[in-house]
Amino acid sequence: MSIIVGEGTKLVVSGLTGREGSFHGLRNRDYGTDVVAGVTPKKGGQEVDGIPIYDTIAEARAERGANTSMIFVPARFAAAAMEEAIDAGIETVITITEGIPVHDMLRVYWKAREAGVRVIGPNCPGVLSPGKANVGIIPAQFFERGAIGVVSKSGTLTYQIGNELKQAGLGNSSIVGIGGDPIVGSDFIDVLELYERDEETELIVIVGEIGGDAEERAADYIAERVSKPVVAYIAGFTAPPGKQMGHAGAIISGSSGTAEAKKEALEAKGVSVGKSPTETAQLAAEAIGAKA
Amino acid sequence: MDLLEYQGKQLFAQHDVPVPSGEVAADVESAVAAAERIGYPCVVKAQVQIGGRGKAGGIKVAVSQEEAREHADAILGMDIRGPRGEGPFKVHQVWIERASEIEAEWYASLILDRSAKKPLAMLSAMGGMNVEEIAEKDPGALARRHVEPGEGFGAEQAVALAGDAGIPEQARGKTAELLSRLYGTFTESDATLIEVNPLVLTRGGEVIALDSKVTIDNSALFRHPELAKLEKGAVEDPQEQMAKEKGLTYVKLDGNIGILGNGAGLCMSTLDVVAQAGGDPANFLDAGGGSKADAIVDALEVITSDPKVDAILFNIFGGITRCDEIAKGIIEASTRIEIGVPLVVRLDGTNSEEGLGLLADADLPNLHVEKTMLGSASRVVELAKAGAAA
């Protein structure tokens, strides 16, 4: 098993005819992902390296059985593309595009919830299940198949940690980049729930950063619902105060949103927090070694 | 993007949120002329994006033309620091408005609650202090209510919030009306934060926004050309200014080690490991995904223009970013600018062997290649200490 993407993924890429969309869409296919279609309005009937293009996601689903969509269109059209995917009955929408207006994401978030559609992102590197499927821009060469589930707000930091795990001889069930935007389709908690249920995953690594309170809420969730060991890393201890968030935001979360507060919240619930990506990988290796 | 007080008030006025009438002025003569038109008493307010303006002497009441002149002269050009030592911010503009007869001061705000994924309205009858102080002193005094996205902040909800906050019964209707309009401003302008502190009940029984703090979502500026073209609060730091012109994500810090990473998370993590190794980062610079050689040259120009920098660390883990592009940028930069301080480079990930090969061939002076992130952090800290001692 793995989570979110895997052997059953049939991917339609919105924006496959664009420069970035075609580069990554084809890379995903080369990795083994079943990329069944691309969507670009008014370009239906064309092909990108043998992948058929449709005008709408609904057509791509009807003709090719697409169940997962990757959104790679420019920011100002991305929310509409996500809504189109939801309306078309797609099960999972993974949005790589960055710079989507946050009020648009609010609307999309609730629409997706009501429709029961899983959204990952926006502004995220996507989801990789090593050896099975890669949807997004995660460089697959740094990750091996294995038992560690990773969920992260940050792209490059995840590659760093993945690479350290690989060097320690460890692999991953899945790597999920949830994105660092104020409103994301799936939070740490949503992904933790999936890893807890996933048979292949024996240990979970969460990679957080300053801002918001997703890590604090994850800590509470782990204490109540997660039986598997969890290791965490938080970036931003030296971030300058006052630059990360507005005053009113801190009150809501009941936390300052600082790295220190997040670390304390996680440690209080028994999660070990690494000081550096390297130490985090070591902690994960020890924890999984102890378990084996 | 944060609006200046007067820009926020003008935005409020466009959405029929009551604000005192006023005018903005950039020199003493215009300020005096504005005061004459507005009448006395009037208030002269420094327009800088920082709290604590009043305490810093940036807000004064004038009862005559002489006083208006005196205050405008004192405030324009003044350097104001924030409560946590931010800045200094130079005052380039003042806002002159009619003084309000204040019966009571309250607090109101609208923010995006990231956890609940809904806008949140907050209101308190406690005024004259910031939201942290209210929450600390008496959490119950801060009434809160989530707004269902797409449904709007209706009169019934707003009146209930005013009741929860302990707003006097006779003022609840007007407060609720103002809040509903504020919510309209929030959604229609793509704001992520609107704070009114104080929200004021006047002796005449009106409810008006006496201050404004508005943050607009940068990602939505494409559909608000009128906001996008507003004059920004000046960026005072020369490196931040330079980075902005070059389109780089740069934040100035106080230390002496220049940092470049790719991706915000890795870059923050780099600052952390440098600090753990006993160093003091001079900046945060995220080269972003897929950086090409030109961006690296620009980044080095910005980092080296900071005279405090004694050593530089490039921590790159190439995913989309190709390490050979980074190496090319470093080599190119060395022919165009005087780097002048030791540069520690750690390249890993996509095309790292090619990149390291290019660097080895170029054999640049004062360039130190390290294999690991932690190794590179210790090395740059050593070199910076040696540089600072020299």
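All figures in this text were calculated on a predicted structure; none of them were measured in a lab. (Residues numbered from 1 in each chain as written. Chains lettered and ligands numbered in written order. Predicted model: local features only at pLDDT ≥ 70, side-chain atom pairs only at ≥ 80, totals over all residues.)

### A closer look at the overall build of chain A
(1) Moving on: Scanning chain A from terminus to terminus reveals 10 helices and 14 strands.
(2) Moving on: For chain A, the C-alpha atoms occupy an extent of roughly 55 × 45 × 30 Å along the three principal directions.
(3) Moving on: Counting only residues that meet the buried cut, chain A has 58% of its 292 residues in that class.
(4) Moving on: Within chain A, contacts between residues separated by at least 24 positions form 73% of all contacts whose residues are at least 6 apart in sequence. (Helix = DSSP H or I, 4+ residues; strand = E, 2+ residues; numbered from the N terminus. Buried ≥ 20, exposed ≤ 12 C-beta atoms within 10 Å, placed from the backbone. Contact = placed C-beta atoms within 7 Å.)

### Side note on the overall build of chain B
(1) Moving on: Each helix and strand in chain B was counted, giving 13 helices and 18 strands.
(2) Moving on: Principal-axis analysis of the C-alpha atoms gives chain B an extent of 80 × 50 × 40 Å.
(3) Moving on: A burial count over chain B gives 50% of its 390 residues as buried.
(4) Moving on: By sequence separation, contacts in chain B at least 24 residues apart represent 69% of the contacts at least 6 residues apart.

### Overview of the interface of chain A and chain B
The figure often quoted for interface size is the accessible area lost as the parts come together.
(1) Moving on: On the side of chain B, 49 residues touch chain A, which itself brings 49 residues to the contact.
(2) Moving on: Those elements giving two or more residues to the side of chain A that touches chain B turn out to be α3 (75-87), α4 (102-115), α5 (155-167), α8 (247-253) and α10 (277-291) of chain A.
(3) Moving on: Here the side of chain A that touches chain B is composed, by residue class, of 23 nonpolar, 18 polar and eight charged. (Nonpolar A, V, L, I, M, F, W, Y, C, P; charged D, E, K, R; others polar.)

### Section: the nonpolar core
(1) Moving on: Grouped together as the largest cluster of nonpolar side chains are 144 residues, with contacts concentrated most on Met82(A), Val176(A), Ala284(A), Leu285(B), Ala299(B) and Val380(B).
(2) Moving on: Beyond its immediate chain neighbours, meaning those up to four positions away, Met82(A) contacts Ile71(A), Val93(A), Thr95(A), Val108(A) and Val119(A).
(3) Moving on: Counting 74 residues, the second-largest nonpolar core is a separate cluster that includes Ala68(B), Leu123(B), Tyr183(B) and Ile216(B). (Core = buried A, V, L, I, M, F, W, Y, C linked by C-beta atoms within 7 Å.)

### Things to note about the sheet that holds strand β1 (residues 22-25) of chain B
Residues and elements named next belong to chain B.
(1) Moving on: Read from one edge of the open sheet, four strands run β1-β6-β2-β3, paired in antiparallel fashion. Strands at the two margins of the open sheet, each flanked by one partner only, are β1 and β3 (59-62). The sheet shows a mean angle of 20 degrees between the axes of neighbouring strands, taken without regard to direction.
(2) Moving on: Two strands pair when backbone bridges link them, and strand β2 (residues 42-46) and strand β6 (residues 94-98) are joined in this way by five bridges, in the antiparallel orientation. Among the inter-strand pairings, Cys42 is bridged to a residue of β6, identified as Arg98.
(3) Moving on: Sitting on the sheet, helix α2 (residues 28-38) is in contact with β1, β2, β3 and β6, with an inclination near 15 degrees to β6. (Pairing = 2+ DSSP bridges. Axes fitted to C-alpha atoms, helices over the stretch in contact; angles between N-to-C directions.)

### Considerations on the sheet that holds strand β7 (residues 118-120) of chain A
All names here are of chain A.
(1) Moving on: If you walk across this open sheet you meet the seven strands as β3-β4-β2-β1-β5-β6-β7, and the pairing is mixed. The open sheet terminates on both sides in strands that have one partner only, identified here as β3 (47-48) and β7.
(2) Moving on: Direction of pairing for strand β5 (residues 68-71) relative to strand β6 (residues 92-95): parallel, over a ladder of four bridges. In the strand pairing of β6, Met70 is matched with Ile94.
(3) Moving on: Sheet contacts for α3: β1 (10-14), β5, β6 and β7; angle to β6, the most-contacted strand, approximately 165 degrees.

### Some remarks on helix α1 (residues 5-14) of chain B
Spacing of three or four residues puts side chains on the same side of an α-helix, whose turn is 3.6 residues.
Residue and element names in this part refer to chain B.
(1) Moving on: Counting buried residues along α1, seven of its 10 residues qualify, which places the element largely inside the surrounding structure.
(2) Moving on: Every buried residue of α1 is listed here: Glu5, Tyr6, Gln7, Gly8, Lys9, Leu11 and Phe12.
(3) Moving on: Structurally, α1 contributes buried residues whose contacts are with β1, β2, β6, α6 (169-188), β11 (207-209) and β12 (213-216).
(4) Moving on: Note on α1: the residue one or two positions beyond its end, Asp16, has a positive phi of about 60 degrees.

### Some details on the pairing of β6(B)
Residue and element names in this part refer to chain B.
(1) Moving on: Burial analysis of β6 places four of its five residues in the buried class, the great majority of the element.
(2) Moving on: Inspection of the sheet shows β1 paired to β6 by four bridges, in the antiparallel sense. Looking at the pairing, Glu23 lines up with Ile96 of β6.

### Quick look at the domain arrangement of chain A
All names here are of chain A.
(1) Moving on: For chain A, the assigned domains read domain 1 (10-120) and domain 2 (139-291).
(2) Moving on: Between the C-alpha centres of domain 1 and domain 2 the distance comes to 27 Å.
(3) Moving on: Among the secondary structure elements, those contributing two or more residues to the side of domain 1 that touches domain 2 are α4 and β7.
(4) Moving on: Ranked by residue count, the leading element in the side of domain 1 that touches domain 2 is α4, at five residues.
(5) Moving on: Taken together, the residues of the side of domain 1 that touches domain 2 break down into eight nonpolar, no polar and one charged. (Domains from an automatic or database assignment.)

### Looking at the environment of Ala295(B)
Residues and elements named next belong to chain B.
(1) Moving on: Here Ala295 is to be found in helix α10 (residues 293-304).
(2) Moving on: For Ala295, a count of 21 C-beta atoms within 10 Å puts it in the buried group.
(3) Moving on: Taking the C-alpha atoms as reference points, Ala295 and Gly247, 48 residues apart in sequence, are found 9.0 Å from one another.
(4) Moving on: Setting aside chain neighbours within four positions, we find Ala295 in contact with Ala287 and Gly329.

### Some thoughts on the packing of helix α11 (residues 323-336) of chain B against helix α12 (residues 352-362) of chain B
Residue and element names in this part refer to chain B.
(1) Moving on: In contact at an axis separation of 6 Å, α11 and α12 are set at 20 degrees when each is read in the N-to-C sense. Considered as vectors, α11 and α12 are oriented roughly parallel to each other. Touching Cys323, Asp324, Ile326, Ala327, Lys328, Ile330 and Ile331 of α11 are Ser352, Glu354, Gly355, Leu358, Leu359 and Ala362, all from α12.
(2) Moving on: Taken together, the residues of the contact of α11 with α12 break down into eight nonpolar, two polar and three charged. (Parallel < 35°, antiparallel > 145°, perpendicular 65-115°, else oblique.)

### Some points on the domain arrangement of chain B
All names here are of chain B.
(1) Moving on: One can read the domain layout of chain B as domain 1 (1-19 + 101-236), domain 2 (21-99) and domain 3 (238-389).
(2) Moving on: Counting residues at the interface gives eight residues for domain 1, matched by 11 residues for domain 2.
(3) Moving on: Its residues assigned to classes, the side of domain 1 that touches domain 2 shows three nonpolar, two polar and three charged.

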